[in-house]
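Notes for the structure review
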Amino acid sequence: MGSFWVGAKGTSSEGVSVEGTCSLGISEWKSLCLLHLFNGASSPFKGEPWKRMGGQFLRSSGRVGLSCKTLKCLTDRENFRSCGGGGVEKFESLSKIHWSVLFFSMAAAVSDRGGRSLVGNGVVGILAESINIWERRAPLAPSHCARLLLSGKGQSGVERIIVQPSTKRIHHDSQYEDVGCEISDDLSECGLIVGIKQPKMEMILQDRAYAFFSHTHKAQKENMPLLDKILAERVSLFDYELIVGEDGKRLLAFGKFAGRAGLIDFLHGLGQRYLNLGYSTPFLSLGASYMYSSLAAAKAAVIAVGEEIATFGLPSGISPIVFVFTGDGNGNLYRMICHLEDYLNYGAQEIFKLLPHTFVDAQKLPEIVAMVKDGAKHTRSKRFFQVYGCVVTCQDMVAPKDSTKTFNKEDYYAHPDHYYPVFHEKIAPYTSVIVNCMYWERRFPRLLTTIQLKELMNKGCPLIGISDITCDIGGSLEFVNQSTSIERPFFRYDPFTDSYHDNMERDGLICLAVDILPTEFSREASNHFGHILSQFIGSLASTENIAELPLHLQKACITHNGAYTSLYEYIPRMRKTTIDPTTGPVDDSSEKKKYCTLVSLSGHLFDQFLINEALDVIEAAGGSFHLLKCEVGQTSKSMSYSELEVGADDTAVLDQIMDSLTNIVKKSHDNGALDKKLSLKIGKVRESILQDRCETVRRPCVLILGAGRVCRPAVEFLASVGSTSNGSYLKSCLTIDGEELEEYEVIVASLYLKDAKETVEGIPNAKAVQLDAMDYEKLKEYVSEVQVVLSLLPASFHANIAKACIEHKKHLVTASYVETTMSSLDERARSAGITVLCEMGLDPGIDHMMAMKMIDQAHIRGGKIKSFTSYCGGLPSPDAANNPLAYKFSWNPAGALRAGRNSASYKLHGEILHVDGNELFDSAVRFRMPEYPAFALECLPNRNSLIYGDAYGITNEASTVFRATLRYEGFSEIMSSLARIGFFETEPHPMLKGSVKPSFAAFLNGLLHAKNSPDNKLTGSIETDEDMIKSLVTLGHCKDKTTATKTVKTIKFLGLNECHEIPVACSSAFHVVCLRMEEKLAYTSKEKDMVVLHHEIEVEFPDGRPTENHWATLLEYGRIEDGKSTTAMALTVGIPAAIGVLLLLLNKVKRRGVVRPLEPEVYVPALDILQASGIKLMEKFETS
């Protein structure tokens, strides 16, 4: 079994220097430890003895090591005398020592293992699920673990199983322990780690194998950080979703449990809904799925409800109750809850069939419903003793646009645009409940739109509720725009007011959209899943070389040894050609091809790896591709859809690529199986896109460049200008009499079409196009076809865009500052007769307009501006300011942090003052607004205020000109402390050189002691908050203990003292703090931001009139409507920019050249429209 050495060096109780060593076998050591610790406990491995002693128990090839602290505990004389096991004598000579240094070395030292993969060592770890409080499932139940351990490694491939403790898992820790599993948070000894959902990032250990539902193989954007972590740690990732049999069907899934739980939960809510409508039904006695101890108990409860229906019936006022199930029950149209799949419809129907029921053919549904109602009129009974079911498939939902053709499933999947929806006409008018088990993609018609639903309800449709087992938010049922939770499974949608409510009273229908249904039957679901997984677990646990695994497991491996496996090499290719708004394209050089065309591919692109073949064809011919759109099938039966922009420098090459893609499609069709076929649609070359669009444009057109957060409010404003509701107030603001305002078409252009489409979704008169603003020729084509261009791109793009606008004599609006390159185009713009209206946002923008209105009014009245001060800030709303800094970012914090280091200049009481950027935070002062005294704010000087004296024409009269940035009080003193510590230094830091990084705590320690240790070697460690507070004050980083305490709280909140290793990408302290702020200071989906803009001017009059103090304040909060959030910053930048566009469209701005909104022709109507749009500006003055 091996042995290890224990050595000691110290001083005995008699003061004699002693030194000694001894060797113990593992069995002797175990006896020594366990006899003492457990005093004869029946199971010597219960309770994690080594962990309780504070040590780390390491095993490797039969060798053991323990920490010094543990060894000291065990070598106490009294401990040895009480244990009585082998090895006591060996320690007796050392038992009097006061141990100062303890060390051990294992045979073939464990430390020599560094970096060696543990994959295949036969040790399996089971993760504690952490993604959802209701997630109680486990990949392996205790019974599966028992069989694996009992069989032994030779037969099962599993030697040990270590289970992370969990107090909410359906199977208790003790149940695992009783069958021989070990319970420990530490899974570092495990070669294979398994779970259900994605684990936390910190649980991804280096050189291991993992198996769980990763949702990464289709390059799902939200899970790419997890995949990057997996690659960085050289993990072998196996995805359950990819373990399929020879027939292509998935082998691992949670079966019918989503459908079962979903229908039971809905019946539970149905009883409550009917009660609110005044009807008592047997459904009222049914509980939610999770309330039952087992699936059998839940079924028994449903059967009892059915017996009551069969005996006492249902009220005639709500009958017949018709349940419509979408999908045909054979799995080919189903989407699974929580990205699981398989037979949702079967599970739901299984529960439904426990009730007295009759199934009705979809074609005969109107006839049967009419017959049932008519029959009730001629019977004495006023009760109905059964419910009705109807299963509908896609042929019941759509019809061919060509009336001479019949429905063809293959054609529908390939060309959904050849069909129009009919569900709302043929099925929905007779439906009481829709049980939605249907997979849907955006290229298909919706099952039911919001407008269709409203029309149905106006006609008296009996629809009372939706059980959306797919939880497809904003999918086939347009009005299901939010998911629900197990504890609050329903929301009520009122189509008459288009509103959402969390109660069951009043008009509308109830909707269930729980995204984690299978966990309600955690025990049965885990047993079902583990029964199948346990058949593969041995191979995964005992095999180091994936080439030796069975083929179906090899195909399920996405990454291995830090790289993608061959089948999944398409993932980085797809990621490379999909733009992330925060980083831009990875490599743009290959994409600039002379000729482009749009290619649409649909079929089993991912699960049968056809996407690899298609991309290989394109690249082999020297072509390029952009992934414009990708909608992935969520089940083994459903298909995926991708739109690629394929480019080449020669039309012959482009034709060759199209021929090769056509051959792939033909080959898939020759294979015969319908569900393996691939469909291809080739569009026109890119040069024809603009021409096609222009042929359909009849209204004046606006081109918006950029599809970020700010864009949508601008689009909504411009697209609704001609509407009746907006027309009257706009005409009033613009002093237009008689004539009606035109409707405008808004074109949103983005480098990625999908971003533009998301921006314009649901907005009439708006459309999305793909455009690279750096492609000057294409940019000019679009500019030439519109009346006004609005650029919401970064300022670096604007000069190029302005040149295109000048060339085609089109007006341009931006929200950015007028930089030198833009101001140099003033003469050219005036010569072209166009206006380039810049600084039409918030700051700059609304601040200019409010200031000039106040200043001009004062001048008109003969006054002079004695003092002008302006304060502006984007902040969290008070309830979202829930961290020590009371600040959050909705974008990368690097820009905001750099701005906080800019130097500032201003004039105060006639004196010009300058603030160095390194001292900016120290210059902050307390600030209160007269109308909002409860806001505890502070202000920091904002860059060069002096230029605004010139811009506003007050330099010679104002003794004070001061512009400032607002933050909550206390922000600056903490930021100043962080700056002194060194966190804002952008130079590469010596401690962060190389691939092996220190922990956050070690780096913090290094920064704190840098002044006393120039070579950055640590001179001490910070162990407690008090130690850190003392160090911050002693080293001069904080001025007093109060500030130091706040700084320590911030450091801890940001995790700058954590023991996790700093990511490899961080090379400077600035990178480290930006990373942590981006992670910790982000808004949640339910939090709002706030914009505050406040001007104060002091006006004096030469004729002796009293001095006046004027205030103007804008306070705007972010908005959350229908589950979608719009930030206050987006509103106060996007809407002013759109107003600038409208003024130019209506020729209300006469001035030409590069201008700012400082003239009355701009600011007067703009401020009026801004207020009419709901952004309130408050003005007040008093005399002194």
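Worth saying up front: this structure is predicted, and the values here are computed from it rather than measured.

To continue, consider the sheet that holds strand 33 (residues 788-791). Pairing in this open sheet of seven strands is parallel, and the strands run 32-31-30-33-34-35-46 from one edge to the other. Edge positions in the sheet fall to strand 32 (766-770) and strand 46 (1153-1155), since each of these pairs with one other strand and no more. Sheet twist, expressed as the mean angle between neighbouring strand axes with direction ignored, is 20 degrees. Pairing between strand 35 (residues 835-837) and strand 46: three bridges, direction parallel. Bridge pairing in strand 46 places V836 opposite V1154. Taken strand by strand, helix 27 (residues 798-808) contacts strand 30 (701-705), strand 33 and strand 34 (811-814), and its axis lies near 160 degrees from that of strand 34.

Evaluation of the coordinates by the stated rule reveals 29 aromatic pairs. Seen from their ring centres, F254 and F529 are 4.6 Å apart, and the 10 degrees between their planes marks the pair as stacked. Here F529 lies in helix 17 (residues 522-542) and F254 lies in the loop between strand 11 (236-239) and helix 10 (257-276), a separation of 275 residues in the sequence. Across the pair, F529 and F254 agree in class, each one buried. Here R260 stacks its cationic end above the ring of F257, 4.9 Å away from the centre of that ring. Here R963 stacks its cationic end above the ring of Y948, 4.0 Å away from the centre of that ring.

Right, let's get into the sheet that holds strand 14 (residues 357-359). Taken together, eight strands build an open sheet; the order of strands is 14-16-13-19-20-23-21-22 and the sheet is mixed. Among the strands making up the open sheet, the edge pair consists of strand 14 and strand 22 (499-501). Neighbour to neighbour, the strand axes of the sheet diverge by 20 degrees on average, direction disregarded. Helix 10 contacts strand 13 (322-326), strand 19 (433-436), strand 20 (465-468), strand 21 (490-494) and strand 23 (509-512) of the sheet and is inclined by roughly 155 degrees relative to strand 23.

What follows covers the confidence of the model for the chain. With 79% of its residues at a pLDDT of 70 or more, the chain has an overall mean of 81. Across residues 684-698, confidence stays below pLDDT 50; counting only partners more than four residues off in sequence or on other chains, it has 26 contacts. Between residues 1013-1020, whose pLDDT stays under 50, and residues either more than four places distant or in other chains, the model counts 12 contacts.

Turning our attention to the nonpolar core. Of all hydrophobic cores here, the largest spans 122 residues; its most connected members are I161, Y240, L267, F283, F323 and V435. Per-element accounting of this core gives the leading share, nine residues, to helix 10. Excluding anything up to four places from it in sequence, L267 contacts F283, L286, F323, I351 and L355. Within the second largest apolar cluster, 69 residues are counted, among which are I865, F868, L1144 and A1166.

Reading the values: the criteria
Residues numbered from 1 in each chain as written. Predicted model: local features only at pLDDT ≥ 70, side-chain atom pairs only at ≥ 80, totals over all residues. Heavy atoms only, no water. Pairing = 2+ DSSP bridges. Helix = DSSP H or I, 4+ residues; strand = E, 2+ residues; numbered from the N terminus. Axes fitted to C-alpha atoms, helices over the stretch in contact; angles between N-to-C directions. Contact = heavy atoms within 4.5 Å. Phe/Tyr/Trp six-rings, centres within 6.5 Å; stacked < 30°, edge-to-face > 60°. Buried < 20%, exposed > 50% of the residue type's maximum accessible area, 1.4 Å probe, protein only. Lys NZ or Arg CZ within 6 Å of the ring centre and 35° of its normal. pLDDT = per-residue confidence, 0-100. Core = buried A, V, L, I, M, F, W, Y, C linked by side-chain atoms within 4.5 Å.

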